[in-house]
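Here's the letter readout for the chains.
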Amino acid sequence: MRVLLISPINRSYVIMPSLGLGYLAAVCRQEGHEVEILHCLKEKFTFENFARFLTTNAFDVIGLQMFSFDVNPVKRHVAIIKEIQPKAFVVLGGYHPSGDPEGVLHTIPQADAAIAGEAELALPDLLRELSHHKPHFDSVPNLIWRKNGQVHINRIKMIENLDEIPFPAWDLMDPRQYPEAPHGAFFKSFPTAPIICTRGCPFICTFCSGKAVTTHKVRRRSAANIIQEIEFLKNTYGVNDFLIEDENFTAHKNLVKEFCRQLIDQQLNIHWNCPSGVRLDTLDLDMLKLMEQSGCYSLSVGIEFGTQKILDLTKKKLTLETIRHRIGLIRQTNIKITGFFMFGIPGETKADMLETIRFAQSL
(Lines give C-alpha, C1' and ligand atoms only; values in the text may rest on other atoms or scores of the structure.)
Protein backbone atom coordinates (compact mmCIF):
# COMPACT_ATOMS: atom_id res chain seq x y z
CA MET A 1 0.00 0.00 0.00
CA ARG A 2 0.97 3.64 -0.45
CA VAL A 3 0.98 5.30 2.95
CA LEU A 4 1.27 8.99 3.81
CA LEU A 5 2.15 10.03 7.37
CA ILE A 6 1.47 13.67 8.20
CA SER A 7 2.63 16.14 10.83
CA PRO A 8 -0.17 18.71 10.38
CA ILE A 9 -0.29 22.44 9.88
CA ASN A 10 -0.42 24.15 13.27
CA ARG A 11 1.01 27.08 15.25
CA SER A 12 3.85 25.17 16.91
CA TYR A 13 7.34 26.67 17.03
CA VAL A 14 8.86 23.16 17.21
CA ILE A 15 9.93 22.03 13.75
CA MET A 16 11.93 18.83 13.99
CA PRO A 17 11.86 15.25 12.69
CA SER A 18 8.90 13.36 14.15
CA LEU A 19 10.27 10.25 15.82
CA GLY A 20 6.75 8.85 16.05
CA LEU A 21 6.21 9.07 12.29
CA GLY A 22 9.76 7.91 11.63
CA TYR A 23 9.28 4.72 13.64
CA LEU A 24 5.92 4.05 11.96
CA ALA A 25 7.44 4.52 8.52
CA ALA A 26 10.20 2.05 9.39
CA VAL A 27 7.89 -0.72 10.66
CA CYS A 28 5.52 -0.30 7.71
CA ARG A 29 8.40 -0.55 5.26
CA GLN A 30 9.36 -3.85 6.87
CA GLU A 31 5.96 -5.13 5.71
CA GLY A 32 6.63 -3.99 2.14
CA HIS A 33 4.56 -0.80 2.11
CA GLU A 34 5.63 2.40 0.36
CA VAL A 35 5.71 5.25 2.87
CA GLU A 36 6.07 9.01 2.63
CA ILE A 37 6.33 11.51 5.50
CA LEU A 38 4.93 15.02 5.06
CA HIS A 39 5.97 17.56 7.72
CA CYS A 40 3.71 20.47 6.88
CA LEU A 41 5.51 23.07 9.00
CA LYS A 42 8.91 22.17 7.60
CA GLU A 43 7.51 22.44 4.07
CA LYS A 44 5.75 25.73 5.00
CA PHE A 45 2.50 24.29 3.70
CA THR A 46 -0.79 26.15 3.65
CA PHE A 47 -4.01 24.17 3.29
CA GLU A 48 -4.00 25.20 -0.39
CA ASN A 49 -0.51 23.67 -0.76
CA PHE A 50 -1.78 20.53 0.94
CA ALA A 51 -4.72 20.25 -1.45
CA ARG A 52 -2.42 20.67 -4.45
CA PHE A 53 -0.10 18.00 -3.03
CA LEU A 54 -2.99 15.51 -2.84
CA THR A 55 -4.08 16.18 -6.41
CA THR A 56 -0.74 14.85 -7.69
CA ASN A 57 0.01 12.18 -5.07
CA ALA A 58 -2.42 9.32 -4.44
CA PHE A 59 -2.39 7.23 -1.26
CA ASP A 60 -4.26 4.22 0.07
CA VAL A 61 -3.87 5.14 3.74
CA ILE A 62 -3.21 8.55 5.28
CA GLY A 63 -2.22 8.90 8.94
CA LEU A 64 -2.22 12.17 10.86
CA GLN A 65 -0.30 12.73 14.08
CA MET A 66 -2.11 15.09 16.44
CA PHE A 67 -2.02 16.81 19.79
CA SER A 68 -5.18 18.36 21.24
CA PHE A 69 -4.28 21.76 19.84
CA ASP A 70 -4.28 20.15 16.39
CA VAL A 71 -8.01 19.29 16.45
CA ASN A 72 -9.18 22.13 14.22
CA PRO A 73 -6.37 21.94 11.63
CA VAL A 74 -6.67 18.15 11.49
CA LYS A 75 -10.39 18.54 10.78
CA ARG A 76 -9.44 20.71 7.79
CA HIS A 77 -6.80 18.23 6.65
CA VAL A 78 -9.27 15.33 6.81
CA ALA A 79 -11.97 17.29 4.95
CA ILE A 80 -9.50 18.06 2.15
CA ILE A 81 -8.40 14.42 1.99
CA LYS A 82 -11.98 13.17 1.72
CA GLU A 83 -12.76 15.70 -0.99
CA ILE A 84 -9.73 14.94 -3.17
CA GLN A 85 -9.05 11.28 -2.31
CA PRO A 86 -12.36 9.96 -0.90
CA LYS A 87 -11.19 6.32 -1.02
CA ALA A 88 -8.14 6.95 1.14
CA PHE A 89 -8.43 5.43 4.62
CA VAL A 90 -7.74 8.15 7.20
CA VAL A 91 -6.35 7.15 10.61
CA LEU A 92 -5.46 9.51 13.48
CA GLY A 93 -2.76 8.94 16.08
CA GLY A 94 -0.76 10.63 18.80
CA TYR A 95 -1.55 12.25 22.12
CA HIS A 96 -5.08 13.47 21.38
CA PRO A 97 -6.56 10.12 20.28
CA SER A 98 -4.68 8.46 23.14
CA GLY A 99 -6.04 10.91 25.69
CA ASP A 100 -9.59 10.95 24.29
CA PRO A 101 -10.10 7.58 22.59
CA GLU A 102 -13.86 7.61 23.13
CA GLY A 103 -14.36 11.10 21.76
CA VAL A 104 -11.88 11.54 18.93
CA LEU A 105 -14.01 9.94 16.19
CA HIS A 106 -16.98 12.03 17.31
CA THR A 107 -14.83 15.15 17.24
CA ILE A 108 -13.48 14.35 13.76
CA PRO A 109 -16.28 12.26 12.19
CA GLN A 110 -14.72 12.14 8.71
CA ALA A 111 -11.77 10.12 10.01
CA ASP A 112 -12.09 6.38 9.46
CA ALA A 113 -10.22 5.23 12.56
CA ALA A 114 -7.66 6.24 15.18
CA ILE A 115 -4.95 4.56 17.21
CA ALA A 116 -4.44 4.92 20.96
CA GLY A 117 -1.00 4.64 22.52
CA GLU A 118 2.03 3.35 20.65
CA ALA A 119 1.25 2.51 17.04
CA GLU A 120 4.21 0.39 15.86
CA LEU A 121 2.22 -2.82 16.36
CA ALA A 122 -1.17 -1.42 15.38
CA LEU A 123 -0.47 0.30 12.08
CA PRO A 124 1.13 -2.68 10.26
CA ASP A 125 -1.75 -4.87 11.48
CA LEU A 126 -4.26 -2.29 10.24
CA LEU A 127 -2.62 -2.17 6.81
CA ARG A 128 -2.70 -5.96 6.68
CA GLU A 129 -6.43 -6.01 7.39
CA LEU A 130 -7.12 -3.21 4.90
CA SER A 131 -5.51 -5.32 2.18
CA HIS A 132 -8.23 -7.96 2.70
CA HIS A 133 -11.61 -7.81 1.01
CA LYS A 134 -13.32 -7.92 4.42
CA PRO A 135 -11.03 -6.46 7.06
CA HIS A 136 -11.43 -7.60 10.67
CA PHE A 137 -10.70 -4.47 12.65
CA ASP A 138 -11.39 -6.16 15.97
CA SER A 139 -8.05 -7.99 15.65
CA VAL A 140 -5.98 -4.79 15.42
CA PRO A 141 -4.50 -3.76 18.80
CA ASN A 142 -4.97 -0.16 19.99
CA LEU A 143 -7.46 0.56 17.18
CA ILE A 144 -10.34 2.99 17.71
CA TRP A 145 -13.03 2.25 15.10
CA ARG A 146 -16.73 2.28 14.38
CA LYS A 147 -19.07 -0.68 14.22
CA ASN A 148 -22.82 -0.28 13.77
CA GLY A 149 -22.55 3.36 14.70
CA GLN A 150 -20.70 2.65 17.95
CA VAL A 151 -17.07 3.51 18.71
CA HIS A 152 -14.98 0.51 19.74
CA ILE A 153 -11.56 0.64 21.44
CA ASN A 154 -9.47 -2.50 21.05
CA ARG A 155 -7.08 -3.87 23.66
CA ILE A 156 -3.91 -1.85 24.16
CA LYS A 157 -0.55 -3.44 23.34
CA MET A 158 2.93 -1.94 23.61
CA ILE A 159 6.37 -2.70 22.28
CA GLU A 160 8.09 -4.75 24.98
CA ASN A 161 11.65 -4.87 23.60
CA LEU A 162 12.63 -1.49 22.15
CA ASP A 163 15.77 -2.94 20.56
CA GLU A 164 13.57 -5.07 18.28
CA ILE A 165 12.05 -2.17 16.37
CA PRO A 166 14.04 -0.62 13.52
CA PHE A 167 15.54 2.85 13.75
CA PRO A 168 13.28 5.64 12.46
CA ALA A 169 13.22 6.07 8.67
CA TRP A 170 15.82 8.83 8.73
CA ASP A 171 16.07 8.96 4.94
CA LEU A 172 12.48 10.31 4.95
CA MET A 173 13.35 13.09 7.43
CA ASP A 174 16.94 14.12 6.74
CA PRO A 175 18.09 16.10 9.82
CA ARG A 176 20.03 18.50 7.57
CA GLN A 177 16.75 19.75 6.08
CA TYR A 178 15.26 20.96 9.38
CA PRO A 179 15.70 24.34 11.12
CA GLU A 180 18.74 24.89 13.27
CA ALA A 181 16.73 25.51 16.47
CA PRO A 182 14.17 22.69 16.60
CA HIS A 183 13.03 23.53 20.12
CA GLY A 184 13.31 27.27 19.55
CA ALA A 185 16.50 27.23 21.61
CA PHE A 186 20.27 27.24 21.21
CA PHE A 187 22.41 24.21 20.40
CA LYS A 188 26.09 23.41 20.04
CA SER A 189 26.11 22.55 16.35
CA PHE A 190 23.96 21.84 13.33
CA PRO A 191 22.43 19.53 12.21
CA THR A 192 20.78 18.17 15.33
CA ALA A 193 18.74 14.99 15.66
CA PRO A 194 16.25 13.83 18.28
CA ILE A 195 16.46 10.32 19.72
CA ILE A 196 14.41 8.33 22.22
CA CYS A 197 16.16 5.95 24.61
CA THR A 198 13.32 4.89 26.93
CA ARG A 199 9.53 4.81 27.00
CA GLY A 200 7.16 5.03 29.91
CA CYS A 201 7.34 6.95 33.19
CA PRO A 202 6.50 5.55 36.62
CA PHE A 203 5.65 8.93 38.14
CA ILE A 204 2.09 10.21 38.52
CA CYS A 205 2.28 13.99 38.09
CA THR A 206 -1.31 15.05 37.50
CA PHE A 207 -0.53 17.56 34.72
CA CYS A 208 1.34 15.11 32.46
CA SER A 209 -0.23 13.29 29.51
CA GLY A 210 2.77 11.05 28.84
CA LYS A 211 1.02 8.00 30.27
CA ALA A 212 -1.71 8.35 27.62
CA VAL A 213 0.73 7.08 24.97
CA THR A 214 3.63 5.27 26.63
CA THR A 215 1.85 4.33 29.90
CA HIS A 216 3.58 3.88 33.26
CA LYS A 217 5.36 0.75 32.08
CA VAL A 218 9.05 1.56 31.70
CA ARG A 219 11.02 0.09 28.80
CA ARG A 220 14.61 0.82 27.81
CA ARG A 221 16.78 0.46 24.75
CA SER A 222 20.22 -0.99 25.37
CA ALA A 223 23.11 1.47 25.43
CA ALA A 224 24.65 -0.38 22.48
CA ASN A 225 21.47 0.08 20.42
CA ILE A 226 21.37 3.81 21.19
CA ILE A 227 25.05 4.23 20.31
CA GLN A 228 24.49 2.39 17.03
CA GLU A 229 21.81 4.90 16.01
CA ILE A 230 24.03 7.82 17.05
CA GLU A 231 26.89 6.45 14.94
CA PHE A 232 24.52 6.02 11.98
CA LEU A 233 23.30 9.61 12.22
CA LYS A 234 26.81 10.96 12.71
CA ASN A 235 28.28 9.03 9.77
CA THR A 236 25.32 9.46 7.39
CA TYR A 237 24.12 12.99 8.08
CA GLY A 238 26.98 14.62 9.97
CA VAL A 239 24.96 14.95 13.19
CA ASN A 240 27.07 15.79 16.23
CA ASP A 241 24.37 17.26 18.48
CA PHE A 242 21.72 14.89 19.85
CA LEU A 243 18.46 15.76 21.59
CA ILE A 244 17.41 13.03 24.01
CA GLU A 245 13.63 13.47 24.03
CA ASP A 246 12.74 10.92 26.72
CA GLU A 247 10.11 11.68 29.31
CA ASN A 248 12.71 11.09 32.01
CA PHE A 249 16.05 9.80 30.74
CA THR A 250 17.99 10.31 33.98
CA ALA A 251 15.57 8.14 35.98
CA HIS A 252 17.42 5.19 34.40
CA LYS A 253 20.77 5.65 36.15
CA ASN A 254 22.41 2.42 35.05
CA LEU A 255 21.47 3.06 31.42
CA VAL A 256 22.68 6.67 31.60
CA LYS A 257 26.02 5.64 33.06
CA GLU A 258 26.54 2.84 30.51
CA PHE A 259 25.54 5.22 27.70
CA CYS A 260 28.05 7.84 28.91
CA ARG A 261 30.85 5.30 29.33
CA GLN A 262 30.34 3.95 25.81
CA LEU A 263 30.39 7.47 24.35
CA ILE A 264 33.67 8.15 26.18
CA ASP A 265 35.28 4.78 25.42
CA GLN A 266 34.40 4.95 21.73
CA GLN A 267 35.53 8.60 21.49
CA LEU A 268 32.48 9.59 19.45
CA ASN A 269 33.00 13.27 20.33
CA ILE A 270 29.35 14.24 20.17
CA HIS A 271 27.25 16.75 22.13
CA TRP A 272 23.96 15.85 23.73
CA ASN A 273 21.27 17.40 25.86
CA CYS A 274 17.84 16.70 27.36
CA PRO A 275 15.54 19.49 26.11
CA SER A 276 12.29 17.72 27.06
CA GLY A 277 13.11 17.74 30.76
CA VAL A 278 14.38 15.46 33.52
CA ARG A 279 13.42 15.07 37.17
CA LEU A 280 15.79 16.86 39.52
CA ASP A 281 15.53 14.14 42.15
CA THR A 282 17.10 11.62 39.75
CA LEU A 283 20.38 13.57 39.57
CA ASP A 284 23.53 13.10 41.64
CA LEU A 285 26.93 14.74 41.27
CA ASP A 286 28.82 11.63 40.11
CA MET A 287 26.32 11.00 37.33
CA LEU A 288 26.28 14.68 36.32
CA LYS A 289 30.07 14.75 36.01
CA LEU A 290 30.02 11.58 33.91
CA MET A 291 27.29 13.08 31.71
CA GLU A 292 29.34 16.23 31.23
CA GLN A 293 32.45 14.22 30.37
CA SER A 294 30.51 12.29 27.70
CA GLY A 295 29.26 15.45 25.98
CA CYS A 296 26.14 16.57 27.87
CA TYR A 297 25.99 20.35 27.85
CA SER A 298 22.39 21.24 28.73
CA LEU A 299 19.54 19.92 30.86
CA SER A 300 15.96 21.10 31.05
CA VAL A 301 14.59 20.34 34.51
CA GLY A 302 11.04 20.08 35.76
CA ILE A 303 10.66 22.61 38.58
CA GLU A 304 7.05 23.54 37.72
CA PHE A 305 6.00 25.43 40.89
CA GLY A 306 7.51 27.53 43.64
CA THR A 307 5.18 26.48 46.45
CA GLN A 308 5.16 23.16 48.25
CA LYS A 309 1.36 23.29 48.29
CA ILE A 310 1.06 23.09 44.50
CA LEU A 311 3.91 20.59 44.16
CA ASP A 312 1.99 18.33 46.55
CA LEU A 313 -1.36 19.04 44.90
CA THR A 314 -0.03 17.87 41.52
CA LYS A 315 1.66 14.79 43.03
CA LYS A 316 5.05 15.95 41.79
CA LYS A 317 6.71 14.18 44.77
CA LEU A 318 9.38 16.87 44.94
CA THR A 319 10.30 19.38 47.64
CA LEU A 320 11.57 22.93 47.33
CA GLU A 321 14.65 21.90 49.31
CA THR A 322 15.40 19.08 46.83
CA ILE A 323 15.03 21.49 43.92
CA ARG A 324 17.51 23.95 45.44
CA HIS A 325 19.98 21.20 46.30
CA ARG A 326 19.95 19.53 42.87
CA ILE A 327 20.19 22.84 41.01
CA GLY A 328 23.27 23.44 43.13
CA LEU A 329 24.72 20.10 42.02
CA ILE A 330 24.25 20.93 38.33
CA ARG A 331 25.94 24.29 38.91
CA GLN A 332 29.06 22.41 40.05
CA THR A 333 29.40 21.35 36.38
CA ASN A 334 29.38 23.33 33.14
CA ILE A 335 26.00 21.87 32.14
CA LYS A 336 23.56 24.69 31.39
CA ILE A 337 20.15 24.63 33.07
CA THR A 338 16.71 25.47 31.71
CA GLY A 339 13.85 25.41 34.21
CA PHE A 340 10.32 24.40 33.29
CA PHE A 341 7.52 26.25 35.11
CA MET A 342 3.76 26.40 34.69
CA PHE A 343 0.85 28.52 35.84
CA GLY A 344 -2.88 27.89 36.04
CA ILE A 345 -3.18 24.55 37.78
CA PRO A 346 -6.67 24.25 39.35
CA GLY A 347 -6.35 25.30 42.98
CA GLU A 348 -3.45 27.68 42.32
CA THR A 349 -3.84 31.32 43.39
CA LYS A 350 -2.25 34.52 42.14
CA ALA A 351 -0.14 34.51 45.32
CA ASP A 352 1.10 31.00 44.45
CA MET A 353 2.04 32.16 40.95
CA LEU A 354 3.96 35.15 42.31
CA GLU A 355 5.78 32.84 44.69
CA THR A 356 6.78 30.62 41.75
CA ILE A 357 8.25 33.69 40.01
CA ARG A 358 10.21 34.63 43.16
CA PHE A 359 11.43 31.04 43.53
CA ALA A 360 12.58 30.97 39.89
CA GLN A 361 14.48 34.24 40.38
CA SER A 362 16.13 32.92 43.54
CA LEU A 363 17.45 29.88 41.67
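In what follows, the structure referred to is the one given above.
Residues numbered from 1 in each chain as written. Predicted model: local features only at pLDDT ≥ 70, side-chain atom pairs only at ≥ 80, totals over all residues. Heavy atoms only, no water.

Participant: Sorry if this is basic, but what is going on with the overall build of the protein here?
Facilitator: For the protein, the helix and strand inventory stands at 13 helices and 14 strands. Radius of gyration (C-alpha) of the protein: 21 Å, near the 21 Å computed for a compact globule of 363 residues. Along the first, second and third principal axes, the C-alpha set of the protein runs to 65 × 50 × 35 Å. A total accessible area of about 16700 Å² is found for the protein, and carbon and sulfur atoms account for 51% of it. Taking the average place of the 40 positive charges on the side chains of the protein and the average place of its 40 negative ones, the gap between the two points comes to 4 Å. (Helix = DSSP H or I, 4+ residues; strand = E, 2+ residues; numbered from the N terminus. Rg over C-alpha atoms; globule rule 2.2 N^0.38 Å. Areas by Shrake-Rupley, 256 points an atom, 1.4 Å probe, with all protein chains shown as cover. Lys, Arg positive; Asp, Glu negative; His and termini not counted. Charge placed at Lys NZ, Arg CZ, Asp CG, Glu CD.)

Participant: Explain the pattern of salt bridges to me, please; I cannot follow it from the model alone.
Facilitator: Considering all chains together, one arrives at 18 salt bridges under this definition. Residues Arg-128 and Glu-31 are paired through a salt bridge, measuring 3.1 Å at the closest nitrogen-oxygen approach. Taken together, the residues Arg-128 in helix 6 (residues 122-130) and Glu-31 in the loop between helix 1 (19-30) and strand 2 (34-39) connect sequence positions 97 residues apart. In this structure, Glu-120 engages Arg-199 in a salt bridge whose closest nitrogen and oxygen atoms are separated by 2.8 Å. Highlighted residues: Glu-120 in the loop between strand 5 (113-115) and helix 6 and Arg-199 in strand 9 (residues 198-199), separated in sequence by 79 residues. With a relative accessible area of 8%, Glu-120 lands in the buried category. Salt bridges sharing common partners tie together Glu-118, Glu-120, Arg-199 and Arg-219. (Salt bridge = Lys/Arg side-chain N within 4 Å of Asp/Glu carboxyl O. Buried < 20%, exposed > 50% of the residue type's maximum accessible area, 1.4 Å probe, protein only.)

Participant: What's the story with helix 13 (residues 350-362) in this structure? I'm lost.
Facilitator: Since the α-helix turns once every 3.6 residues, residues separated by three or four places project in the same direction. Helix length check: helix 13, at 13 residues, gives a terminal C-alpha distance of 18 Å against a target of 18 Å (1.5 Å per residue), a fit within 8%. For helix 13, the complete set of buried residues consists of Asp-352, Thr-356 and Phe-359. All buried residues of helix 13 fall inside an arc of 65 degrees around its axis, so they share one side. Residues of helix 13 that are exposed and point more than 90 degrees away from the buried face comprise Lys-350 and Gln-361. (Expected span 1.5 Å × (residues − 1). Arc of directions from axis to C-beta.)

Participant: Can you help me understand the sheet that holds strand 2 in this one?
Facilitator: Sheet strands pair by backbone hydrogen bonding; their relative direction is either parallel or antiparallel. Read across the sheet, seven strands follow the order 2-1-3-4-5-6-7 without closing on themselves; strand pairing throughout is mixed. Each edge of the sheet is formed by a strand with only one pairing partner; in this case those strands are strand 2 and strand 7 (150-153). Shown here is a sheet whose adjacent strand axes are inclined to one another by a mean of 25 degrees, direction ignored. Where strand 5 meets strand 6 (residues 143-147), two bridges bridge the pair, whose relative direction is antiparallel. Of the residues in strand 6, the one forming a bridge with Ile-115 is Leu-143. (Pairing = 2+ DSSP bridges. Axes fitted to C-alpha atoms, helices over the stretch in contact; angles between N-to-C directions.)

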